[in-house]
Amino acid sequence: MNILFVNNSEVNPLNSGIQRITWVLAQAFSARGMKCYGANFETNTPATNTLFPDTQKLDFTERASAELAAFIRKYNITRVIVQECWPLKKLAVVSRATRQVEGCKLLYCYHSMPGKEFVPPSTRAELYRLLHGGNRMHALKKGIVALLPGGVYRRIVTRRARRDYSFIWEAADEIVLLSASYIPLVEQLAGKADRTGKKFRAIGNSLSFQDYLPEEEILHKRKEVVIVSRLSERAKRLSKALKIWKQVEEGGRFPDWRLKIVGTGEDERYYRQLAKRLRLKQADFEGRQDSKPYYRRAAICMQTSAYEGFSMVVTEAQQMGAVPVVFETYPAINDVIQNGRNGVLVPPGNIEKFAGALERLMGNAEERERLARHAIADCQQFDEGHIIREWTACLA
């Protein structure tokens, strides 16, 4: 079987979780005798990686669809896996091409939580961006949206979501979601029903690391809480994490614990300023780093996102025995965390309860060790071999 992966840009596993998953899948498929090719919309740069033997560059013209169809025929490609295609006019280019090739099937992978559009922007973060640089026009638009009354915002988003999800439904032969819990959400948003039982496939992300923290190392964890994240308030809401940590510091019970924030992003200056304003003394911004050593050292990992699709950060933390404490803001987290067994779930947005959950874990080494052991064992359901078997069944 020959497979085409479509991404927004050249695939680099260090760029994003989606591109890391693309890299893992392509390598695994190739190891199993399948031939994988690439296509992307980054027309201003040549193909630079060695992941694919050939890559097709795309734009938004009718000619691009015809050229992609020719590329598909040339390599006898029977499955097109669309990993990243936003805005949706990119998907239109790919869909037109696959429709021209008999026997070619288009699988659209939705790597986020359906309905994320209903999460409003952060007024404070957009105002900071507007005043301190970055894409000011985009920040202005988002800031205006954030000020809309809730009912108006929902009506606008509902119309847009119906248009977008209906288009995805019609363009794709099959939609691959990160959790079965997302299927009814897509049906509701698209205003359609899967009466054949063949429109959807639910496949989680595979684990990032090839190994697991040895159990004996759990006993030697540092008194550290780690956040691994893109520093972007729109989805990640690290402002809540900093406010939670402020409550922990003010409690005064854990002066020897530190918060380590790993990652970079468009709102890094905003977060640094917020940490300064909150007068945090036990928080460190580490920048862009290899996250694995931080997970290995940390006893706890915290996540305060407004939404995720299927958080690789949570399974990475579990692999390395860093107990995840997470806002329950997206359904797929229940596929990963059994509350009180291999992690802790906190009601969405409740800063006080989150701080309380952190402090209980920070003050109870035995409980941390119990949760860490279960986390290491339970996350193995998402190992690469298991996920590849699910993908192989999907491609059959």
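Nothing here was measured: the structure is a model prediction, and the numbers come from that model.

For the rest of this paragraph, the subject is the overall build of the chain. On a plain count of helices and strands, the chain comes out with 16 helices and 13 strands. The C-alpha atoms of the chain give a radius of gyration of 22 Å, which matches the 21 Å a tight globule of 396 residues would have. Put simply, the chain has 396 residues, and 54% of those count as buried. A sequence separation of at least 24 residues applies to 74% of the contacts in the chain between residues at least 6 apart. Working note: accessible area of the chain is about 17,900 Å², and carbon and sulfur atoms make up 50% of it.

What follows covers unusual backbone geometry. Note that the residue after Trp86, namely Pro87, is joined by a cis bond; omega there is 5 degrees. Note that Pro87 resides in the loop between strand E4 (79-82) and helix H3 (89-99). One non-glycine residue, Asn76, lies in positive phi territory at about 50 degrees. Relative accessible area serves as the criterion here: at 55%, Asn76 is assigned to the exposed category. Even without being a glycine, Arg279 presents a positive backbone phi close to 60 degrees. With respect to the secondary-structure elements, Arg279 resides in the loop between helix H10 (268-277) and strand E10 (283-287). You can call Arg279 exposed: its relative accessible area is 63%.

Taken together, the 6 strands give an open sheet; going across it, the order is E10-E9-E8-E11-E12-E13, and neighbouring strands pair in parallel fashion. Strand pairing shows two members of the sheet lacking a second neighbour, E10 and strand E13 (344-346), which therefore form its edges. Taking each pair of neighbouring strands and ignoring which way they run, the sheet shows an average axis angle of 25 degrees. Inspection of the sheet shows strand E11 (residues 298-303) paired to strand E12 (residues 323-327) by 4 bridges, in the parallel sense. Bridging across to E12, Gln303 finds its partner in Val326. Its contacts with the sheet put helix H12 (residues 312-319) on strand E8 (222-228), E11 and E12, and the angle it makes with E11 is roughly 170 degrees.

With that settled, the discussion passes to the packing of H3 against helix H6 (residues 150-171). Here H3 crosses H6 at 20 degrees, and the two axes come no closer than 10 Å. Between H3 and H6, the interaxial angle falls into the category roughly parallel. Relative to H6, H3 is oriented so that their crossing is left-handed. Residue-level inspection shows Leu91, Ala92, Ser95 and Arg99 of H3 in contact with H6, the latter providing Phe167, Ile168, Glu170 and Ala171. Within the contact of H3 with H6, the residues separate by chemical class into 5 nonpolar, 1 polar and 2 charged.

What counts and how
Residues numbered from 1 in each chain as written. Predicted model: local features only at pLDDT ≥ 70, side-chain atom pairs only at ≥ 80, totals over all residues. Heavy atoms only, no water. Helix = DSSP H or I, 4+ residues; strand = E, 2+ residues; numbered from the N terminus. Rg over C-alpha atoms; globule rule 2.2 N^0.38 Å. Buried < 20%, exposed > 50% of the residue type's maximum accessible area, 1.4 Å probe, protein only. Contact = heavy atoms within 4.5 Å. Areas by Shrake-Rupley, 256 points an atom, 1.4 Å probe, with all protein chains shown as cover. Pairing = 2+ DSSP bridges. Axes fitted to C-alpha atoms, helices over the stretch in contact; angles between N-to-C directions. Parallel < 35°, antiparallel > 145°, perpendicular 65-115°, else oblique. Left-handed = near helix turned anticlockwise from the far one by under 90°. Nonpolar A, V, L, I, M, F, W, Y, C, P; charged D, E, K, R; others polar.

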